[in-house]
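# Descriptive analysis of the structure
Here are the chains, one letter per residue:
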There are 2 protein chains.
Amino acid sequence: MDDRPIGIFDSGVGGLTVVARVRKTLPSERIVYFGDTARVPYGTKSPGVVRRYAQQDAAFLAGFNPKLVVIACHTVSALAADLLRKKFTSVQFLDVIGPSVARAVAATRSGRIGVIGTAATISSGQYQKALKKADPAVRVATAVCSLFVPLAEEGWVSGRFVEEVADRYLRPMRAARIDTLILGCTHYPLLKRAIRRAAGGQVVLVDAAEEIAREARRFVQAGRMASSRPAAPPVLYFSDCAGTRGAVIRRFLRGGGCRLRRVSPAFLEEACDV
Amino acid sequence: MDDRPIGIFDSGVGGLTVVARVRKTLPSERIVYFGDTARVPYGTKSPGVVRRYAQQDAAFLAGFNPKLVVIACHTVSALAADLLRKKFTSVQFLDVIGPSVARAVAATRSGRIGVIGTAATISSGQYQKALKKADPAVRVATAVCSLFVPLAEEGWVSGRFVEEVADRYLRPMRAARIDTLILGCTHYPLLKRAIRRAAGGQVVLVDAAEEIAREARRFVQAGRMASSRPAAPPVLYFSDCAGTRGAVIRRFLRGGGCRLRRVSPAFLEEACDV
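Residues numbered from 1 in each chain as written. Chains lettered and ligands numbered in written order. Predicted model: local features only at pLDDT ≥ 70, side-chain atom pairs only at ≥ 80, totals over all residues.

### Digging into the environment of Ala130 of chain A
Residue and element names in this part refer to chain A. For Ala130, the position within the fold is in helix α6 (residues 126-134). Note on Ala130: 21 C-beta atoms within 10 Å, which makes it buried. Counting along the chain gives 94 residues from Ala130 to Asp36, while the straight-line C-alpha distance between them is 27 Å. Sequence-distant contacts of Ala130, that is, excluding residues within four places in its chain, are made with Ile97 and Val101. (Helix = DSSP H or I, 4+ residues; strand = E, 2+ residues; numbered from the N terminus. Buried ≥ 20, exposed ≤ 12 C-beta atoms within 10 Å, placed from the backbone. Contact = placed C-beta atoms within 7 Å.)

### Observations regarding the relation of the copies chain A and chain B
Mapping chain A onto chain B calls for a rotation angle of 180° and an axial translation of 0.0 Å; the resulting RMSD is 0.0 Å. Classification of the inter-copy transformation places it as that of a two-fold axis. Residue Arg39 of chain A, judged by its C-alpha, is the member of chain A lying nearest the rotation axis, at 2.5 Å. Mapped onto chain B, 100% of the interface residues of chain A are again interface residues, and the two copies thus contact each other with one and the same surface. (Least-squares fit on C-alpha atoms with pLDDT ≥ 70 in both.)

### Overview of the domain arrangement of chain A
Residues and elements named next belong to chain A. Domain assignment breaks chain A into domain 1 (6-95 + 210-271) and domain 2 (97-208). Residue-level contacts link 25 residues of domain 1 with 23 residues of domain 2. The set of elements that each furnish at least two residues to the side of domain 1 that touches domain 2 consists of α1 (16-25), α3 (74-87) and α11 (208-222). The residue inventory of the side of domain 1 that touches domain 2, partitioned by class, reads nine nonpolar, nine polar and seven charged. (Domains from an automatic or database assignment. Nonpolar A, V, L, I, M, F, W, Y, C, P; charged D, E, K, R; others polar.)

### Quick word on the interface of chain A and chain B
It is common to report an interface's size as the accessible area lost on association of the parts. Contacts between the two partners involve 19 residues from chain A, matched on the other side by 19 residues from chain B. Elements with a contribution of two residues or more to the side of chain A that touches chain B: α2 (47-62), α7 (148-154), α8 (160-169) and α13 (265-271) of chain A. Partitioning the side of chain A that touches chain B into residue classes produces eight nonpolar, four polar and seven charged.

### Side note on helix α6 (residues 126-134) of chain B
Each turn of an α-helix holds 3.6 residues, which means side chains three or four residues apart point in the same direction. Residue and element names in this part refer to chain B. Inspection of α6 places Gln126, Tyr127, Ala130 and Leu131 among the buried residues, and these make up the whole buried set. Along the axis of α6, the buried residues cluster in a sector spanning 130°; they form a single face. Looking at the packing, one finds that the buried side of α6 touches α3 (74-87), α4 (97-107), β5 (112-117), α5 (119-124), β6 (139-144) and β7 (180-184). (Arc of directions from axis to C-beta.)

### Remarks on the sheet that holds strand β9 (residues 235-238) of chain B
All names here are of chain B. Taken in spatial order, the six strands line up as β4-β3-β1-β2-β9-β10 in an open sheet, and their pairing is parallel. Each edge of the open sheet is held by one strand with a lone partner, namely β4 (93-95) and β10 (259-262). Ignoring which end each strand starts from, the neighbouring axes of this sheet average 20° apart. As paired strands, β9 and β10 are joined by four bridges and run parallel to one another. The residue bridging Phe238 from the neighbouring strand is Arg262, located in β10. Against the sheet, helix α1 (residues 16-25) makes contact with β1 (6-10), β2 (31-35) and β3 (68-71), and its axis sits at roughly 170° relative to β2, the strand it touches most. (Pairing = 2+ DSSP bridges. Axes fitted to C-alpha atoms, helices over the stretch in contact; angles between N-to-C directions.)

### With respect to the sheet that holds strand β6 (residues 139-144) of chain A
Residues and elements named next belong to chain A. Here we have four strands laid out as an open sheet, ordered β6-β5-β7-β8, and parallel in their pairing. The outermost strands of the open sheet, each flanked by one partner alone, are β6 and β8 (204-207). Along the sheet, successive strands turn relative to each other by an average axial angle of 20°, direction set aside. Two elements, strand β7 (residues 180-184) and β8, share four bridges in a ladder whose sense is parallel. Residue pairing in the sheet places Thr180 in a bridge with Val204 of β8. The strands touched by helix α4 (residues 97-107) are β5 (112-117), β7 and β8; relative to β8, the strand with the most contacts, the crossing angle is about 165°.

In structure tokens form, the structure reads like this:
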């Protein structure tokens, strides 16, 4: 048995969709979440800045002595996962890219896979590289969908307007006749209906939250590291209270209680000398 | 004569529209600009975080010994202008709210004035307060237009899609039958055409960039502080290179040369003990 918590972090509130899934899959595990709402978004920023922020986020969660840290953010997974594993040698990390790629390669029949994500994630080329490594025969189409994050945060997740945006962004996916689409950002599952419609009804959508939750369960079971304690609500830390209103938290967390905490950006800067 | 530069800062690239106007109005002044692209946007963040970042930005520009610092960011102007004046007693600050309010009150005939801005700007109530102070008889309508910033940064500034967004956000302005509208965010002038259409063709749009440039000229002339040196291109500092591609800079700066520089977020954190 292992009563240490599972840490999960993201650039903002989006990673709460991962918290929701992990909680459902591993109900007796304690979860400590960190969302860097003071500096969100990461996906429009440069690799150096993302790596700096990622190290501060990981240092903050490492302070809780976690059995596992889930990198819920696709941008951090793409740009800084290797660096975090190298810098924090005593911490076990799971990133969202590996499980998403494994699922996509297993799901595709035509070998044509699409990936949508932030500018930073797509231009890193990490998804493309990982897909080709998993199956050199697959053909990969990508698209940057910058407005999906503000749309999800604004709560505009359906309607003609959102459909038009999705239609515009996913045009290259229809042209490439993909049959499987990786949702490469924690916000995108909120726009699933519009994305599915724009991608073509038959396309399999890969939601990293589901995949990473399965991976976390495998990790806990393989290591015989299950918690012996009774279930407790997740503890959520944010670097800014803006955008963390109850309604927003509930939309991403999909019900259940939680305990909200704050952490100052100054503390983060001091937490890690990079 | 006074050969010290004029400092201008904003949360990102949006304030370059102010640089463009100040350069046109005061062509022989040296301009040092800072855009906090590593932490953009400010308008979705809480007052405490905005104040912290604003102090770091001001401390950075204070290091250039400027004759004047223009707070181009409406969110900072609304939440931190008083604090900056109190903390940096040797620096002269101009904020965008005063000149915009003066212009709006002079322009309105019906006394019905609209203000659009970020969530932080509008919920601060500073524009509403300043308008009422300038003329207690005016009636003020406000709207938060969160998607205008990502739309402008994505370069989606016209077309049916943008018109729909503008139409939705500006509905309360049409209902309030305003005749004057303050564009309370440096990004909004890029969407002027769609905003004008949605607000109703006869509405006067108040663009803070124009007003602040006039105010800067008055300041320089009143204090006999004009530069004696030949004109030089503005020097632009950013905390992240992301989003500062030549095409983006040119769109906001509207032509003319410039010198690009970088400043690390770590340096900013160290520059000011807050």
